[in-house]
Structure formats: C-alpha cells, structure tokens
Amino acid sequence: DQFRIMASGVEEFEINIFNRWGSLKFSQTADKIAWDGRTLAGAICPDGVYYFVLKAKSVSGKDWSTEGHITLMR
C-alpha cells in the first residue's frame, strides 16, 4: 500500500513527511507522489503517526497547499 497524491495542471508539487519528533523521513517533488512508508535512505518506518506538508500551486496561481497527519500501520 502507498499514500498517493496525483495532480495535473500543477506547477509546484512537493511533499515532506516528518515523524512525531520533527525528523524528515520522506521528501519528493513530482507530479505524482507516492510514499510506501520508507525513509529517504530506504529503511522501513515504524508504525505511528506522521505529519505531512504538501506544497501545491496550480499553473493559474491557485495555492492548494495543505498539511495533515498520516497513520502508518503495517
């Protein structure tokens, strides 16, 4: 399973995922984002709640940025 975000017509698209202590675990800039619960180094993240910050801006200039929580369960 993956946490996925897909969009079209987006000029800027970036996600950062942090653990509960604020340590960056995943970051990606692409028009299709998919996180499989692994760190940037490829290690498996433990179960828990993670915080994400999504930056997204459409080509027309509308800001779709958001933030929230993801619960990872294996």
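Analysis parameters
- Residues numbered from 1 in each chain as written.
- Predicted model: local features only at pLDDT ≥ 70, side-chain atom pairs only at ≥ 80, totals over all residues.
- Heavy atoms only, no water.
- Helix = DSSP H or I, 4+ residues; strand = E, 2+ residues; numbered from the N terminus.
- Buried < 20%, exposed > 50% of the residue type's maximum accessible area, 1.4 Å probe, protein only.
- Salt bridge = Lys/Arg side-chain N within 4 Å of Asp/Glu carboxyl O.
- Core = buried A, V, L, I, M, F, W, Y, C linked by side-chain atoms within 4.5 Å.
- Pairing = 2+ DSSP bridges.

Description of the overall build of the protein
Looking only at helices and strands, the protein features 0 helices and 6 strands. When the helices and strands of the protein are read in sequence order from the N terminus, they spell out β-β-β-β-β-β. Here the C-alpha coordinates of the protein stretch approximately 40 × 20 × 20 Å along the principal axes. Split into buried and exposed, the 74 residues of the protein put 30% on the buried side.

Let's talk about the pattern of salt bridges
Oppositely charged side chains are able to pair whenever their charged atoms sit close together. Throughout the structure, instances matching the rule amount to 1 salt bridge. Put simply, Asp36 and Arg38 hold a salt bridge, and the shortest N to O gap is 3.7 Å. By relative accessible area, which is 34% here, Asp36 ends up partly exposed.

Regarding the nonpolar core
Ranked by size, the top nonpolar core spans 14 residues in total, and within it Ile15, Ile17, Ile33, Trp35 and Leu54 carry the most contacts. Among the secondary structure elements, those contributing two or more residues to this core are strand 2 (10–18), strand 4 (32–35), strand 5 (48–58) and strand 6 (66–72). The greatest single-element share of this core, amounting to 4 residues, is contributed by strand 5.

A look at the pairing of strand 4
The two faces of strand 4 differ: Ile33 and Trp35 on one face are buried, but Lys32 and Ala34 on the other face are not. Direction of pairing for strand 1 (residues 3–6) relative to strand 4: antiparallel, over a ladder of 4 bridges. Note that in strand 4 the partner of Ile5 across the bridge is Ile33.

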